[in-house]
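# Residue-level structure breakdown
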Amino acid sequence: MTADAATPEQKKPIGWRQVLRSLRQRKVLVMLLLGFSSGLPFLLTGNTLGFWLREGGADLATIGFLSWVGIVYSLKMFWAPLIDRLDAPFLRRMGRRRGWMLLSQVLIGGGLIGMAAVGPDGANLWKLGAFALLAAFASATQDIVVDAWRIESANDGAEQGLLSAAYQTGYRAAMLATDSLILLLAAGIGWQASYGVAGAVMAVGIAATLLGSEPARYAPAGGVATAPLWRIDGLVDAIIGPFLAFLRTYGTLSILILLVVATFRLGDFMIGPMINPFYVDLGLTKEVVGTVRASVGLWASIAGIALGGLASVKLGFRRTLILGAVLGPFSNLAFSVMALSGPDIGVFTAAIIVDNISTGFAGVALTAYMSSLTSLGYTATQYALLSSFYAFLGKVLKGFSGQMVQALEPVAGQMGAYALFFAGTAAIGIPVLALCLFLDRAARQQRAA
């Protein structure tokens, strides 16, 4: 698939209503549940954990450093070749994709329950970080294999669109649960019990894995996928083959593509660890934050996703990427305005609307673009490569976000420091937009040539 137009089968955008109407198809139901399973641990080892830590008295620098557990999501390209080539230990009978899914889901549940057991006490903080790292590593592994299952299970472009929409619907539902509903739950039963419930809910993913069927295996064009890993040609093809195939396909555009992918959501990653501590310092309660996120935030997110999907179909992937680069910084600026306005519920609601529409649109734009770049046979590794580039730089830099805010406090005060930090991360969007425009121009010139 080219990166500037949708396939003929994808002329109509597929939304959550069509997904719900198609749940009688087992494949669609499984994809919806797997999307939920993939989204569940992401915030629990990241931004939501920051809320728990800040209420527990952790300083911003510690919260920023602990966000580094999310770097494993950006390193998954290094073990993705093994996922593509090897069966999961003791689970070979389930098939390669389903076996790895089940193993990773069990480990995620164990990691979340471990976090619930130790809590954020000062003496146990390293244990909490270790269990969070286990959950994040297993979650990154699950992402590798679920992405591969989604791409390989589709019979045609129309079904691929339906499965992608089902995945996004499930993923966003999990994000709602771990970004909003868990705050309301924690207000009632406490953070540790809430994390224990989340660990138990990973049973949803296990059920989906058992309900699903193993997709057919594809040999990459020009590869030696049938060669075992202990042979030199098999090992080289597993590790280097996906990258060489990508370079052969996109040529001189490859570096520019990876640069755009690596920086596209950089501003969002930078502010991520500080958002929930910002709410705590601003004086917003868990109940208020959870209620606004679960109500207007949900509908704003759906609107952003729908607009992103519609733009991808009508304008093509690269032009939608450009629009996403324009909208993305508004999310950061909304929080900057909020920091200057104080704990005003109206301003908070408006900021959540702007944030969710912007991030929803930009997320769909980047996901659709990256999905258009993969090749069957190297599905897991190539998508892991792209998603790793997408997140690595942001996840490294966000670990310093707490120190950045603290460094600005003596100059601007606490809320002024937050406002400057959010505005500075919004400015990152200017060179990102320039890169997207350059990529679009270069791709059109290459295609014309």
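Residues numbered from 1 in each chain as written. Predicted model: local features only at pLDDT ≥ 70, side-chain atom pairs only at ≥ 80, totals over all residues. Heavy atoms only, no water.

## Digging into the side chain of Arg150
Inclusion rule: A run of DSSP states H or I qualifies as a helix once it reaches four residues; a run of E qualifies as a strand once it reaches two. Both are numbered from the N-terminal end. Each residue is assigned to one of three classes by its accessible area relative to the maximum for its type, calculated with a 1.4 Å probe on protein chains only: buried under 20%, partly exposed between the two thresholds, exposed over 50%. Polar contacts, as counted here, are pairs of nitrogen or oxygen atoms within 3.5 Å of one another; within protein the pair requires one atom able to donate a hydrogen and one able to accept it, and residues that are adjacent in sequence qualify only if both atoms are side-chain atoms.
Relative to the assigned elements, Arg150 resides in helix 7 (residues 125-153). Taking the relative accessible area as the measure of exposure, Arg150 reaches 4% and is therefore buried. A distance of 3.2 Å separates polar atoms of two side chains, one belonging to Arg150 and the other to Asp147.

## Concerning the environment of Ala136
Selection criterion: It only takes one pair of heavy atoms within 4.5 Å for two residues to be counted as in contact.
One can find Ala136 in helix 7. Owing to a relative accessible area of 0%, Ala136 belongs among the buried residues under this scheme. With 24 residues separating them in the primary sequence, Ala136 and Leu112 have C-alpha atoms 9.5 Å apart. Those residues in contact with Ala136 that sit more than four places away from it in its chain are Thr45, Val69, Val72 and Tyr73.

## Focus: the packing of helix 15 (residues 317-341) against helix 16 (residues 345-371)
Worth spelling out the cut-off: Axis definition: a line fitted to C-alpha atoms, over the contacting stretch in the case of helices. Angles run 0 to 180 degrees between N-to-C directions. Roughly parallel here means an angle under 35 degrees, roughly antiparallel means over 145, roughly perpendicular means 65 to 115, and every remaining angle is called oblique. Crossing handedness follows the turn of the near helix against the far one: under a right angle anticlockwise gives a left-handed crossing, and clockwise gives a right-handed one. Three classes are used, and their members are as follows: Ala, Val, Leu, Ile, Met, Phe, Trp, Tyr, Cys and Pro are nonpolar, Asp, Glu, Lys and Arg are charged, and the others, Gly among them, are polar.
Orientation of helix 15 relative to helix 16, taken along the N-to-C sense of each, is 155°, at an axis distance of 8 Å. In terms of their interaxial angle, helix 15 and helix 16 are classed as roughly antiparallel. Viewed along their axes, helix 15 and helix 16 form a crossing whose handedness is left-handed. Class assignment of the residues belonging to the contact of helix 15 with helix 16 gives a composition of 18 nonpolar, seven polar and two charged.

## Comments concerning unusual backbone geometry
A positive phi angle, close to 65°, is found at Phe90, a residue other than glycine. Along the chain, Phe90 turns up in the loop between helix 5 (80-85) and helix 6 (96-118). Of the residues examined, Phe90 reaches a relative accessible area of 86% and is grouped as exposed.

## Observations concerning a nonpolar patch on the surface
Test applied: To count toward a patch, a residue needs a relative accessible area above 30% and no salt bridge. Like charges then connect within 9 Å, nonpolar side chains (Val, Leu, Ile, Met, Phe, Trp, Tyr) within 5 Å. The protein chains shown are the only cover counted for residues, whose accessible areas, like all others here, come from Shrake-Rupley with a 1.4 Å probe. Salt bridge, as used here: a side-chain nitrogen of Lys or Arg that lies within 4 Å of a carboxyl oxygen of Asp or Glu.
A surface patch of nonpolar side chains, about 310 Å² in accessible area, is lined by Val326, Phe330, Leu333 and Val354. With three residues, helix 15 is the single largest residue contributor to the nonpolar patch. In this fold, Val354 is placed in helix 16.

That's the geometry; what it means functionally is another story.
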